[in-house]
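Report on the structure
What follows is each chain in one-letter form.
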Amino acid sequence: MAPLLQTVPYVQTETLVQIDLTPNKPAPKPAWLKARAPMGDTFHALKKLARDLNLHTVCESAHCPNIGECWNHKTATFMMLGNLCTRRCGFCAVPKGRPEPIDHTEPARVAYAVAQLGLAHAVITSVNRDDDNLGAAQAFVAVINEIRKQSPGTRVEVLTPDFQGVPEARQMVVAARPEILNHNIETVPRLYRVAKSGGRYERSLEFLAEAKRDSLSNPYSLIPNPSPLVTKTGIIVGMGEEMHELLRVFRDLAERKVDILTIGQYLRPSRDHLPMSRFYTPDEFAFLKHEAMQMGFRHVESGPLVRSSYHAHEQAQSTGLA
C-alpha cells in the first residue's frame, strides 16, 4: 500500500519585500551646530605663519569647528611637542603614534608667533608625551618664559596633560606661573575607559586640586606669598553620559576650587572614533551652565560649539585677569 501524502496548497502572493541597499545618511546637524567656513586674509596669514615656523595648532589637528571665527580674531591655540599623541582617546582627532624626540627650539618659535600676532591672551597646549613627562613639563616652562620675554604683557594659558600624575612635572609648570592652568576632565568617570585612554578620572581631579595647592606652596616657586593660580577644565557632552553624572562631575570640580569650566558638544571626528550618543540642545547647555554657576565656578562657558579655548580672552576677563 502506497504511503499517504499530505498536500499543502500553493498560495500565490503579490506582496513584494523591498530591501533598500542605499547607505544610511547621517542625520543633519542642528542649526545651532553650524559654523562658518574658515576664510579671510587673517585666517590665511595665520596659517602661513604656523607653516613657516613649523608649528602645529590644535585648531587644525583636532578639527575645531570654531577655527574660522577664532583665527580671524587672531586667536589660536598652539600645540607643542609634535603632532603625534602617545594616547588613543576615543573622542580625539589628534593623530596617534610614536612621537619624535622633543624639539627644544619649539618654545621660542611659539613665542615668536605669539609676538608677531600681537596676542593679548595666548593659549598653549600639547599632545600627551607619556614617553617623557618631565621633558614635556620643561617645554611648557620654556614657552611660558619665552612668551614673557618676547611678548611682555601677554597673558599665558596652558592646557596641559596630566603628566601621568608625576608631581615634579606639575610643580614645574605651576612654578612658571601661567595666568591660567587648564587640564581637561573631558568626560564622566564611567566613560573614561572608552573615551580617555590612558587617563584616570581621580588622577585628573587630583591634578587640578594639587595645582591650586602648588601655587601657594611649591618647592620650585621663587615668588614669596603667591596668589592662588586660576585653574580651568573642560568637558564634552554627547558620548553617552547621563545628566546626573555630569552634575556629579561639576560638584567634584567645584569641591577642588576649579575656577573656569567649559562645556561643549562632542562631534565624532570619524567612524574610527567613539559614536556620538545625541545632540544637546541650547536649553540643556543653558541648564548645565546655571547648575555649574550655582556650585561656585567663577566662569562657565557652555554651548554646542564651545571648546576649551573658545572665548579664552573673555574667560580671563571674567576672573579678573584682564
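Refer to the structure printed above.
Residues numbered from 1 in each chain as written. Predicted model: local features only at pLDDT ≥ 70, side-chain atom pairs only at ≥ 80, totals over all residues. Heavy atoms only, no water.

With that settled, the discussion passes to the packing of aromatic side chains. Overall, the coordinates contain 4 aromatic pairs when judged by the stated rule. Note on F163 and F207: the rings are 6.3 Å apart at their centroids and 45° apart in plane angle, and the pair reads as tilted. Taken together, the residues span a long stretch of sequence, with F163 in the loop between β4 (155-159) and α6 (167-175) and F207 in helix α8 (residues 201-214) at a distance of 44 residues. Relative accessible area serves as the criterion here: at 1%, F163 is assigned to the buried category. A cation over a ring is seen here: R278 above Y280, with NZ or CZ 3.9 Å from the ring centre. (Phe/Tyr/Trp six-rings, centres within 6.5 Å; stacked < 30°, edge-to-face > 60°. Helix = DSSP H or I, 4+ residues; strand = E, 2+ residues; numbered from the N terminus. Buried < 20%, exposed > 50% of the residue type's maximum accessible area, 1.4 Å probe, protein only. Lys NZ or Arg CZ within 6 Å of the ring centre and 35° of its normal.)

A word on the environment of M276. Mapped onto the elements, M276 comes out in the loop between β7 (260-265) and α10 (282-294). By relative accessible area, M276 is classed as partly exposed at 27%. Distance in space between the C-alpha atoms of M276 and Y266 is 6.9 Å, their sequence separation being 10 residues. Setting aside residues up to four positions removed in sequence, M276 forms contacts with G238, Q265, Y266 and R268. (Contact = heavy atoms within 4.5 Å.)

Turning our eyes to something else, we now look at the packing of helix α9 (residues 243-255) against α10. Direction vectors running N to C along α9 and α10 enclose 35°, while the axes themselves pass 10 Å from each other. In this structure, the crossing between α9 and α10 has a hand that is right-handed. Residue-level contacts link M243, L246, L247 and F250 of α9 to E284, F287, L288, E291 and A292 of α10. Residue classes in the contact of α9 with α10 are distributed as 7 nonpolar, no polar and 2 charged. (Axes fitted to C-alpha atoms, helices over the stretch in contact; angles between N-to-C directions. Left-handed = near helix turned anticlockwise from the far one by under 90°. Nonpolar A, V, L, I, M, F, W, Y, C, P; charged D, E, K, R; others polar.)

Mapped onto the elements of the fold, V110 is located in helix α4 (residues 106-117). The exposure class of V110 is buried, given its relative accessible area of 1%. For the pair V110 and I124, spaced 14 residues apart in sequence, the C-alpha separation works out to 8.6 Å. Apart from the residues within four sequence positions on either side, V110 is in contact with L55, F78, M80, I124 and V143.

In this section: the packing of α6 against α8. Where α6 contacts α8, the axes come no closer than 10 Å and their chain directions differ by 50°. It follows that α6 is oblique to α8 by the angle criterion. Remark: the crossing between α6 and α8 carries right-handed chirality. Here α6 contributes R170, Q171 and V174 to the contact with α8, which in turn contributes F207, E210, A211 and D214. Taken together, the residues of the contact of α6 with α8 sort by class into 3 nonpolar, 1 polar and 3 charged. (Parallel < 35°, antiparallel > 145°, perpendicular 65-115°, else oblique.)

So far we have only geometry, and geometry alone does not tell us how the molecule works.
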